Every structure is written in structure tokens, then in C-alpha cells.
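Topology and contacts: notes
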Amino acid sequence: MSWTAFAAVFVAFFVTHSIPVRPAVKSRIVAIIGAAGFGMAYSALSIAMLALLIWAAGQAPFEVLWSQMPWHRHAVHLGMLAVCLILALSLGRPNPFSFGGARNDEFDPAKAGVIRWSRHPVLLALALWAGLHLLPNGDLAHVIMFGTLGGFAVIGRRLIDRRKRRVMGAERWQALRDATRAAPRFYRPRSWLELVVRLGAGVVAFATLLWLHPVVIGVPAL
């Protein structure tokens, strides 16, 4: 694959991620398939485009910037376990600050869970995933890909904050943010069973990623 083709895949990735979440576009889609349908469709599209981008990086011209060290993979393993746990604790939960979220009208800032630590846990997970994978992937194409995706995740938080402030109203958004920040970092969960299930799902997801990595990516993670 040429650098031009790799760049074209990059452009397609950002277009498919930015246009659907624009308020005018999103409202039309939600009116047709509902909020839950939009969340599932957007997630499926995001995963498909990410898979295409990863494949394109593997096909791009190979130019080494730094060599892989043994500790790189150990750092990725520990970090990816944290990524999976963050996603397990945040997906499918109310989050009025983010572009997704389920049952946002039920959000309780006093018991915000992982959102007390980060308003955008999915983007935090993406930034960690990208930053961690920079370590063992020192070729130019993967550095461009993971570096850009990590930057996209960091910048995306500010863009979503700005958009949500406009949609919710600055006073309401700020009040909700202040209430969430004032909440305790740790509290007794509403359901210990749900917490255990979510943490278990995160561990299972991590193990599944390790198992599927050589099949999907073509490179063993261990």
C-alpha cells in the first residue's frame, strides 16, 4: 500500500467519526433508529473503520524509527488491562457529558462512578490504547497512526465538551460538572453484582484480545 492510499484511509476514518455526531446529522439518525440504535451503529462503524486503519498501517511502507524492547510488551499488557476495565465500567451507563451514554436522564452526579474520574472514559481508553501501542510499534506508519489517534482522543474531549455545553446550555453543563466533581471518588455501589460482572467482563475482554490478537492483527500479543 502506498502512502497516498494510507492517507486516504486516514481521511475516511476521521470523516466517518466526525460527521455522524454532528448535531444536525445525529438528530436525523436518532429520529429514524433511536438513541440506542445510533449508539450501536456508531460503535460498529467506529470498530470497522479502526480495523481498516490498523490493517492499512500494516500494509504501508515499513520504515523503522525505534526497535521494540521486551519491556514494551509488558507495559502494553498492564495498560490494556486497565483500558478494558475502564471500558467495562463505563459502557452502557448514563453519561450526559459524552457523545454516547445510555439513559442519560438517570445520571446521578453524586454517584457518577468512573465519570467522576473522567467525563469521557471511552476517549481516555482510546488515548491510553494509542499511547501504549506506540511503545512496541516503532515504524513510521504505526507511529503516525497511534500518535494521531491518541491526539484525536485528547482533542476530542475538548470538542465534545464544547458541543455539549452548546446543546445543554452553559449553565446546566457547568452545574452538572461541578456536582460531579464534588462527588466522592469512591462510594458504595448500587449493586455489587453489577460491579463484579463489569469487572469480570473487563478481564474476559482483555483475555479475548490477547487470544484474538494474532488472528485479527496478525501479530501475537504475548
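Please read all numbers here as calculations on a predicted model, not as lab measurements.

1. Considering the layout of surface pockets
If you roll a probe as big as a water molecule over the atoms, it shows you where there is empty space left. Of the volumes computed, that of the second largest pocket is approximately 640 Å³. Forming the boundary of the second largest pocket are 26 residues, of which Arg93, Gly113, Val114, Tyr187 and Leu195 lie nearest the centre. For the lining of the second largest pocket, the secondary structure elements donating two or more residues are helix H3 (70-90) and helix H7 (192-216). Tallying contributions element by element places H7 first for the lining of the second largest pocket, with 4 residues. In terms of residue class, the lining of the second largest pocket is made up of 14 nonpolar, 3 polar and 9 charged.

2. Quick notes on helix H5 (residues 140-168)
When the terminal C-alpha atoms of H5 are compared, their 41 Å separation across 29 residues agrees well with the 42 Å that a helix rising 1.5 Å per residue should span. Along its length, H5 reaches its greatest deviation from straightness, about 25°, at isoleucine 155. Taken from the residues just after H5, glycine 169 is the one with a positive phi, measuring 100°.

3. Things to note about the packing of aromatic side chains
The geometry of two aromatic rings is summed up by the distance between their centres and the angle between their planes. Enumeration over the complete set of coordinates arrives at 9 aromatic pairs. Ring centres of phenylalanine 97 and tryptophan 173 lie 6.2 Å apart, and the angle between their planes is 90°; on these two criteria the pair is classed as edge-to-face. In this pair, phenylalanine 97 sits in the loop between H3 and helix H4 (121-134) while tryptophan 173 sits in helix H6 (residues 170-182), placing the two residues 76 residues apart along the sequence. Tryptophan 173 matches phenylalanine 97 in its accessibility class, with the two residues each being buried. Centre to centre, the rings of tryptophan 129 and phenylalanine 146 are 5.2 Å apart; their planes meet at 70°, and the pair counts as edge-to-face. In this pair, tryptophan 129 sits in helix H4 while phenylalanine 146 sits in helix H5, placing the two residues 17 residues apart along the sequence. Here tryptophan 129 matches phenylalanine 146 in class, with each residue buried. A network of ring pairs unites the aromatic residues Trp3, Phe6, Phe10, Phe13, Phe14 and Phe152 as a single cluster.

Scoring rules and cut-offs
- Residues numbered from 1 in each chain as written.
- Predicted model: local features only at pLDDT ≥ 70, side-chain atom pairs only at ≥ 80, totals over all residues.
- Heavy atoms only, no water.
- 1 Å grid on protein atoms, 1.4 Å probe; cavity = no way out; pocket = protein on both sides within 12 Å on 5 of 7 lines; lining within 4 Å.
- Points joined across faces, edges and corners; volume = space filled by probe spheres on them.
- Helix = DSSP H or I, 4+ residues; strand = E, 2+ residues; numbered from the N terminus.
- Nonpolar A, V, L, I, M, F, W, Y, C, P; charged D, E, K, R; others polar.
- Expected span 1.5 Å × (residues − 1).
- Bend = angle between axes of the 7 residues up to and from the residue.
- Phe/Tyr/Trp six-rings, centres within 6.5 Å; stacked < 30°, edge-to-face > 60°.
- Buried < 20%, exposed > 50% of the residue type's maximum accessible area, 1.4 Å probe, protein only.

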